[in-house]
Amino acid sequence: MNAIWTIVLLVVANIFMTFAWYGHLKLQQINVVKADTPLLIIIIISWGIALAEYCFQVPANRIGYSGNGGAFSLMQLKVIQEVITLTVFTVFTVVFFRGESLHWNHFAAFACLVAAVWLVFLK
């Protein structure tokens, strides 16, 4: 059960992270945020969103880490997190930035990351 909770928390954390890092670009596109908004304001808003990310990321790592009774080694947690990050980012890009398109090399890179997950779980 720890493994499932870890993955769910990592997905939620990465949704917040993606919005913290890239959401302001979409808000600028739809004129919610102006291009001349001071960068410091954008950073402070992003930090607020990133705080929510940390509220999910830190528990995910604590619950999922084998040293705390979880199902994953530290390396496995990191590789899983990277694949989740790429997946969330890809969905975010396709849904919110419709002008961005996916190409064969993006899928090939994603396949390499999935292979990395498989490799990190080998004994």
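Residue positions within a chain follow its written sequence, with the count starting from 1. The predicted nature of this model means local features are confined to residues of pLDDT at least 70 and side-chain atom pairs, given and counted, to a pLDDT of 80 or more, with totals for whole chains, interfaces and linings taken over all residues. Computation of side-chain values covers all heavy atoms of the structure but excludes hydrogens and water.

A.B. asks: Honestly, the overall build of the protein chain in this entry has me stumped. Any pointers?
C.D. replies: The number of helices and strands found in the protein chain is 4 helices and 0 strands. In this description a helix means any DSSP run of H or I spanning at least four residues, a strand means any run of E spanning at least two, and both kinds are numbered starting from the N terminus. When the elements of the protein chain are put in sequence order from the N terminus, they spell out α-α-α-α. Projecting the C-alpha coordinates of the protein chain onto the three principal axes gives extents of approximately 50 × 35 × 20 Å. Burial classes follow relative accessibility: with a 1.4 Å probe on protein chains only, a residue under 20% of its type's maximum area counts as buried, one over 50% as exposed, and anything between as partly exposed. Across the 123 residues of the protein chain, 26% fall into the buried class. Sequence separation of at least 24 residues holds for 75% of the intrachain contacts in the protein chain that already meet a minimum separation of 6. Every accessible area reported is derived by Shrake-Rupley at a probe size of 1.4 Å, with residue values counting cover from the shown protein chains alone. For the protein chain, the exposed area adds up to about 8,200 Å²; of that, 73% sits on carbon and sulfur atoms. Any two residues having at least one pair of non-hydrogen atoms within 4.5 Å are treated as being in contact.

A.B. asks: Would you mind showing me how to read unusual backbone geometry here?
C.D. replies: Negative phi characterises most residues that are not glycine, and trans characterises most peptide bonds. Even without glycine at this site, Asn-31 takes up a positive phi of about 65 degrees. Turning to its location among the elements, Asn-31 is positioned in the loop between helix H1 (2–29) and helix H2 (39–64).

A.B. asks: Could you clarify how one ought to interpret the confidence of the model for the protein chain in this entry?
C.D. replies: Caution is warranted with low-pLDDT regions, since their predicted coordinates should not be read in detail. In this model, the protein chain carries an average pLDDT of 91, and 100% of its residues clear a pLDDT of 70 or more. The quantity called pLDDT is the predictor's confidence in a given residue, expressed from 0 to 100. The secondary-structure element of the protein chain with the lowest mean pLDDT is helix H4 (residues 104–120), recorded at 88, while H2 shows the highest, at 95.

A.B. asks: It is not clear to me how a nonpolar patch on the surface should be interpreted in this structure. Could you clarify?
C.D. replies: Nonpolar side chains (Val, Leu, Ile, Met, Phe, Trp, Tyr) within 5 Å and like charges within 9 Å form the patches, drawn only from residues with over 30% relative accessible area and no salt bridge. Throughout this description, the term salt bridge denotes a Lys or Arg side-chain nitrogen within 4 Å of a carboxyl oxygen of Asp or Glu. A surface patch of nonpolar side chains, about 650 Å² in accessible area, is lined by Ile-15, Phe-19, Val-91, Val-94, Val-95, Phe-96, Leu-102 and Phe-107. Looking at the nonpolar patch, the element that brings in the most residues is helix H3 (residues 74–96), giving 4 residues. Topologically, Leu-102 is positioned in the loop between H3 and H4.

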